[in-house]
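# Summary of structural features
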Protein chains: 2
Amino acid sequence: MSTRDAIVAAAGDLLDEAGPEAVTLRGVAQRVGLSHNAPYKHFADKEALLAAVATAELRRRADAPRPERGEPLAILKRMLRDNVRWAVRHPARFKLTFGSWTRHDKDLGEAAHAARKRFVEAVAAAQAGGALPPGDPERVSAMLLALGHGAADLALGGHLSREGKGRADPEDLVDDLFDLLERAAPRGTP
Amino acid sequence: MSTRDAIVAAAGDLLDEAGPEAVTLRGVAQRVGLSHNAPYKHFADKEALLAAVATAELRRRADAPRPERGEPLAILKRMLRDNVRWAVRHPARFKLTFGSWTRHDKDLGEAAHAARKRFVEAVAAAQAGGALPPGDPERVSAMLLALGHGAADLALGGHLSREGKGRADPEDLVDDLFDLLERAAPRGTP
DNA sequence: ACCTGAACACCGTTCAAGT
DNA sequence: ACCTGAACACCGTTCAAGT
């Protein structure tokens, strides 16, 4: 493992263990066993390091072995539910990956584009089978991803009622939207 | 205006003008014309000040005069579109208000609860008129708010395709979800 | 009750220097 | 090519002291 990779891994570990405010260049360097400014030999600044962490996270999730068996709609549902579960379980990685990047990082842009492309293709496959309503698959994808993203983010902030009758997990809301879409689909349940 | 209010206002202005990283206790104090640690006489720490900024923002939006004329569904649509427009236009205030609050702030919790309550009531009114599908209004509210929140957040991060055929404004996605809901409503268009 | 000024530990970043 | 150590400006926070 290169020093660069070790720095990225250490930053990711710190993120998981102690949250984003614990990810300091000094702390990362110490964890790898380097002097406090060794990271500057591998990254232009802190933001570039964080972009590398986000890129690694997107690639890791893309390379994860997925059993893509079953109906297209079932595969799509699994993808979105996985997204939401990952966001809720790794809030810091989720917020970092989908945060606002002031500078455009080429690798990060490509990794994010590839991830979205896979999702759009899954939507198109479900549409082709008549399990989802027709229309621009990018548009339907955006709706699904926005709901998943928002449900996860609101849940993380404690803005989704967790008790009583209004109780709704992020995954429940994803299911609700799929129900609506199936109802409007050519082959959907009426 | 009390010193406390002046500090909150200055923090909010800094947020709008230069983003969250520009909101330092020292910068806020300087803007009000106080010494660098005068804010500590009014707030326990920086997080308490930020909670006060978020609370003020929620109350300001709640007190804004709204023409609540028209059908319940139209009123509800306007509420959610306003939310999304506000989020896109004031990203820093939006992210602050709906971020994760590690400590529970009583005022902020109450203001957020009041805002959500108004929204749930608007949903219930639209359901009562048959313009939305029946079911727990808190659940339907959560779905609408999650989609609006996610669409705004993704758009702010540049994760919503802004060009070509897949182009989708956050408000477009809100409209798409309303279309699906209306289609499933008792009095909806088939 | 409210404010000031000095001080501390910490952080991102830069620079000169080492191998 | 990669790393170290000193230094700078900045930040949140604390403390003793002032009115």
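Residues numbered from 1 in each chain as written. Chains lettered and ligands numbered in written order. Predicted model: local features only at pLDDT ≥ 70, side-chain atom pairs only at ≥ 80, totals over all residues. Heavy atoms only, no water.

### Observations regarding helix H3 (residues 46-63) of chain A
In this model, H3 of chain A (18 residues) spans 26 Å end to end at C-alpha, consistent with the 26 Å of a helix rising 1.5 Å per residue. Those residues of H3 of chain A that are buried lie in contact with helix H1 (3-18), helix H2 (25-32), helix H4 (72-89), helix H5 (91-97) and helix H6 (106-128) of chain A. (Helix = DSSP H or I, 4+ residues; strand = E, 2+ residues; numbered from the N terminus. Expected span 1.5 Å × (residues − 1). Contact = heavy atoms within 4.5 Å.)

### What to know about the relation of the copies chain A and chain B
Structural alignment of chain A on chain B gives an RMSD of 0.0 Å, achieved by rotating through 180 degrees and translating 0.0 Å along the axis. These values place the two chain copies in the arrangement generated by a two-fold rotation axis. For chain A, the residue whose C-alpha comes nearest the rotation axis is Gly150 of chain A, separated from it by 1.8 Å. The overlap is high: 100% of the interface residues of chain A also sit at the interface in chain B, so the same surface is used on both sides. (Least-squares fit on C-alpha atoms with pLDDT ≥ 70 in both.)

### With respect to the domain arrangement of chain A
All names here are of chain A. Per the domain assignment, the segments of chain A are domain 1 (1-43) and domain 2 (57-184). Taking the mean C-alpha position of each, domain 1 and domain 2 sit 29 Å from one another. Across the boundary between the two partners, domain 1 contributes five residues, which contact four residues of domain 2. Where domain 1 abuts domain 2, roughly 360 Å² becomes buried across the two surfaces, and 56% of that area is made up of carbon and sulfur atoms. On the domain 1 side of the contact with domain 2, Gly12, Leu15 and Asp16 bury the most area, a combined 86% of that side's loss. At the boundary of domain 1 with domain 2, the tally comes to one salt bridge. The interface formed by domain 1 and domain 2 includes two residue pairs in polar contact (both at pLDDT 80 or more). Its residues assigned to classes, the side of domain 1 that touches domain 2 comprises two nonpolar, one polar and two charged. (Domains from an automatic or database assignment. Buried area = accessible area lost by both parts, 1.4 Å probe. Salt bridge = Lys/Arg side-chain N within 4 Å of Asp/Glu carboxyl O. Polar contact = N/O pair within 3.5 Å; in protein donor to acceptor, adjacent residues only side chain to side chain. Nonpolar A, V, L, I, M, F, W, Y, C, P; charged D, E, K, R; others polar.)

### Some points on the interface of chain A and chain B
It is common to give the size of an interface as the accessible area lost on bringing the parts into contact. Contact residues are listed per partner, giving 36 residues for chain A and 36 residues for chain B. In total, chain A and chain B occlude about 3200 Å² of area from one another, counting both sides; carbon and sulfur atoms represent 59% of this. When the area that chain A buries against chain B is broken down by residue, the three leading residues are Arg139, His159 and Leu180 of chain A, summing to 19%. At the junction of chain A and chain B, the tally comes to two salt bridges. Here Arg139 of chain B ties to Asp176 of chain A by a salt bridge, and the two come within 2.7 Å at their closest N and O atoms. One can count nine residue pairs in polar contact (both at pLDDT 80 or more) joining chain A with chain B. At the level of secondary structure, the elements contributing two or more residues to the side of chain A that touches chain B comprise H5, helix H7 (137-156) and helix H8 (170-183) of chain A. Among the elements that make up the side of chain A that touches chain B, the one with the highest residue count is H7 of chain A (13 residues). Taken together, the residues of the side of chain A that touches chain B break down into 16 nonpolar, nine polar and eleven charged.

### Concerning the nonpolar core
Within the largest apolar cluster, 58 residues are counted, with the highest numbers of intra-cluster contacts made by Leu144 of chain A together with Leu144 of chain B. Contributing elements (two or more residues each) for this core: H4, H6, H7 and H8 of chain A together with helix H4 (72-89), helix H6 (106-128), helix H7 (137-156) and helix H8 (170-183) of chain B. The leading source of residues in this core is H7 of chain A, at nine residues. Grouped together as the second largest cluster of nonpolar side chains are 22 residues, Val23, Ala92, Trp101 and Ala111 of chain B included. (Core = buried A, V, L, I, M, F, W, Y, C linked by side-chain atoms within 4.5 Å. Buried < 20%, exposed > 50% of the residue type's maximum accessible area, 1.4 Å probe, protein only.)

### Overview of the environment of Lys77 of chain B
Here Lys77 of chain B lies in helix H4. Residues Lys77 of chain B and Phe178 of chain B lie 101 residues apart in sequence; the distance between their C-alpha atoms is 7.9 Å.

### Re the protein's contact with DNA strand D
Close to DNA strand D lie 18 residues; Ser35, Asn37 and His42 of chain A together with Arg26 and Asn37 of chain B are nearest. The share of sugar and phosphate among atoms of DNA strand D within 4 Å of the protein is 43%. Between a phosphate oxygen of DNA strand D and a main-chain N or O atom of Ser35 of chain A, the distance comes to 2.5 Å. The contact in question runs from a base nitrogen of DNA strand D to an N or O atom on the side chain of Arg26 of chain B, over 2.3 Å. Of the residues contributing to the surface near DNA strand D, the split by class is five nonpolar, eight polar and five charged. (Near = heavy atom within 4 Å.)

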